[in-house]
Amino acid sequence: MADGREVNAFGKLKLGDALLEVLEQEGYSQPTPIQSRLVPVLLASANAVASAQTGSGKTLAFLLPTLHLMNPDGKPVTHHYPRLFILSPTKELAQQIYEVSRPFVQALGFRAVLLQGGGKRAEETKRLEKGADVIIATPQRALEHIEARHLDIKSVKHFVVDEADMMFDMGFVSYLEKLFGVLGERSQKVIVSATITPRVVKLAKTYIKPLRRIELDPPGKIADTITQYLYPVVRSKKEGLLAYLISANHLKRVLVFVRKKELADGVADGLREWGYKVGVLHGERMHLERKKTLLAFREGRIQILVATDIAARGLDIAELEAVINYDIPHVKHDFIHRVGRTGRAGKEGAAMTLVSPDEIEQLADLQKVLGNKIKEIILPEYAPKEVKSRGWLIQAPQRRRRKASVAAAGKEKHSGPLNKKGKKRKTTKRDGFKLHDASKRSASKPRRSRGRK
Ligand code: ADP
Ligand code: MG
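Residues numbered from 1 in each chain as written. Chains lettered and ligands numbered in written order. Predicted model: local features only at pLDDT ≥ 70, side-chain atom pairs only at ≥ 80, totals over all residues.

**Here we look at the overall build of the chain**
Broken down by element type, the chain carries 17 helices and 14 strands. Per-residue burial over the chain gives 46% buried out of 453 residues. Counting contacts in the chain only where the partners sit at least 6 residues apart, residues at least 24 apart contribute 74% of the total. (Helix = DSSP H or I, 4+ residues; strand = E, 2+ residues; numbered from the N terminus. Buried ≥ 20, exposed ≤ 12 C-beta atoms within 10 Å, placed from the backbone. Contact = placed C-beta atoms within 7 Å.)

**A look at the nonpolar core**
Within the largest apolar cluster, 127 residues are counted, with the highest numbers of intra-cluster contacts made by Ile135, Ile136, Tyr231, Val256 and Val306. Both domain 1 (4–215) and domain 2 (226–399) contribute no fewer than three residues apiece to this core. Beyond its immediate sequence surroundings of up to four residues, isoleucine 136 is in contact with Ile86, Ser88, Ala94, Ile97, Tyr98, Ser101, Ala112 and Leu114. (Core = buried A, V, L, I, M, F, W, Y, C linked by C-beta atoms within 7 Å. Domains from an automatic or database assignment.)

**Here's the deal with the sheet that holds strand S4 (residues 134–137)**
Reading across the sheet, the seven strands line up as S3-S4-S2-S5-S6-S1-S7 and stay open at both edges, with parallel pairing between neighbours. This sheet does not close on itself; its edge strands, each paired only once, are strand S3 (112–115) and strand S7 (212–215). For this sheet the average axis-to-axis angle between neighbouring strands, irrespective of direction, equals 15°. Bridge count between strand S2 (residues 84–87) and strand S5 (residues 158–162): four bridges; the pairing is parallel. Pairing of isoleucine 86 across the sheet is with valine 160, part of S5. Against the sheet, helix H4 (residues 58–70) makes contact with S2, S5 and strand S6 (188–193), and its axis sits at roughly 170° relative to S5, the strand it touches most. The strands touched by helix H7 (residues 139–147) are S2, S3 and S4; relative to S3, the strand with the most contacts, the crossing angle is about 110°. (Pairing = 2+ DSSP bridges. Axes fitted to C-alpha atoms, helices over the stretch in contact; angles between N-to-C directions.)

**Observations concerning the pairing of S3**
Of the two faces of S3, the one lined by Ala112 and Leu114 and the one lined by Val113 and Leu115 are each fully buried. Bridge count for S3 against S4 is four bridges, and the pairing is parallel. Bridging across to S4, valine 113 finds its partner in isoleucine 135. Handedness of the S3-helix H6 (residues 121–130)-S4 crossover: right-handed. (Right-handed = clockwise from strand over helix to strand, strands pointing away.)

Shape descriptors only; they carry no functional weight alone.
Spelled out as structure tokens, the structure:
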């Protein structure tokens, strides 16, 4: 692969030496496909709407070229003013982009500021007044600073909207329209997501001209590195199954998604009873608590994080072996983002989805996104009676042709992990996803701790 590496190496991307040095220091030796495609387009100052699957390196794909254009000769920066403006739908993602950008920003002599709901407004204002070149913000907080005239975005030369379709889901369409209007044609505009929807493209085409569409993966494609499992389960047995899956698979770091914040606290309490260290992340938790919890999870002080879909977007957590969907999300696209927290940057990951009879309609809907990429596993002890002999997946009309094979899979006592070609691959003790076998349950069932709740 030496040849391929040479052709694709970052050095070929015409970035300045300072950025190349940081890339090397940070251990990035070769651009990912979206970086190879998007960096040259953005270096040519084009506007772009770019989609590439979760975990494919979109952050550096927009950071590197925009930062380079801000200081192409690597000259000392003497005057600081807003030049790069990055919007993120959640605080956690804004914080992460800030951390990722930090060494690159510093190497070029720039200053970055993070503006996020719950953050200390006075401190943010001070940093803006001192002069900042890179603004990374959540929409509401950015608006507050713009309205208070702490932040003048007229000088912005590069505007990036990360996870753009979530901004739509959050109702920020008119806000984006306004920003595009204020920034006018003088600034470069970049829109990024793994799930660029037709609505996003339509808005972009209206306001951004000319516009390049970079579509590396079809919107919504789930990375091949993620192996997916579906578990039909009686609703009242979901908590038990969740604890069992974590225990049976020896999961050291797992992200559990739930639809509703009220449910997150309950599920977390249940898991604590089994003796696990559990954190909770949802919109009603205080900013500082959210920050501390995510950090504890990143650092491995918490083994399980139970979160709502606010944690589904963009978060990059090292060594996250598995995502468990306690339920199916409200928004179909969120499923792709939930499972996309694992299997990132070429690493393997598992996504397990628990589905109870009341979710069967959403499941049928979701199957259009999943295709045949999900393996149904029926554990007699947890599955509803009606699926014990035949799986749910085969009941959806579009699955009929696969009836025989899926039904056969459903009858298997347990199924080993599959590699990309569908062949059984060796199972190590670590990835151990063959331990779903209910017959071994008593041996591996987690023990409920005797301690108080
Ligand atoms: P996306 O935004 O597409 O979901 P991220 O930008 O968060 O993905 O990157 C996913 C992971 O890939 C991160 O851990 C990041 O450090 C890593 N990564 C990014 N670019 C490269 C690269 N060129 N080589 C190796 N790893 C990379
Ligand atoms: Mg991202």
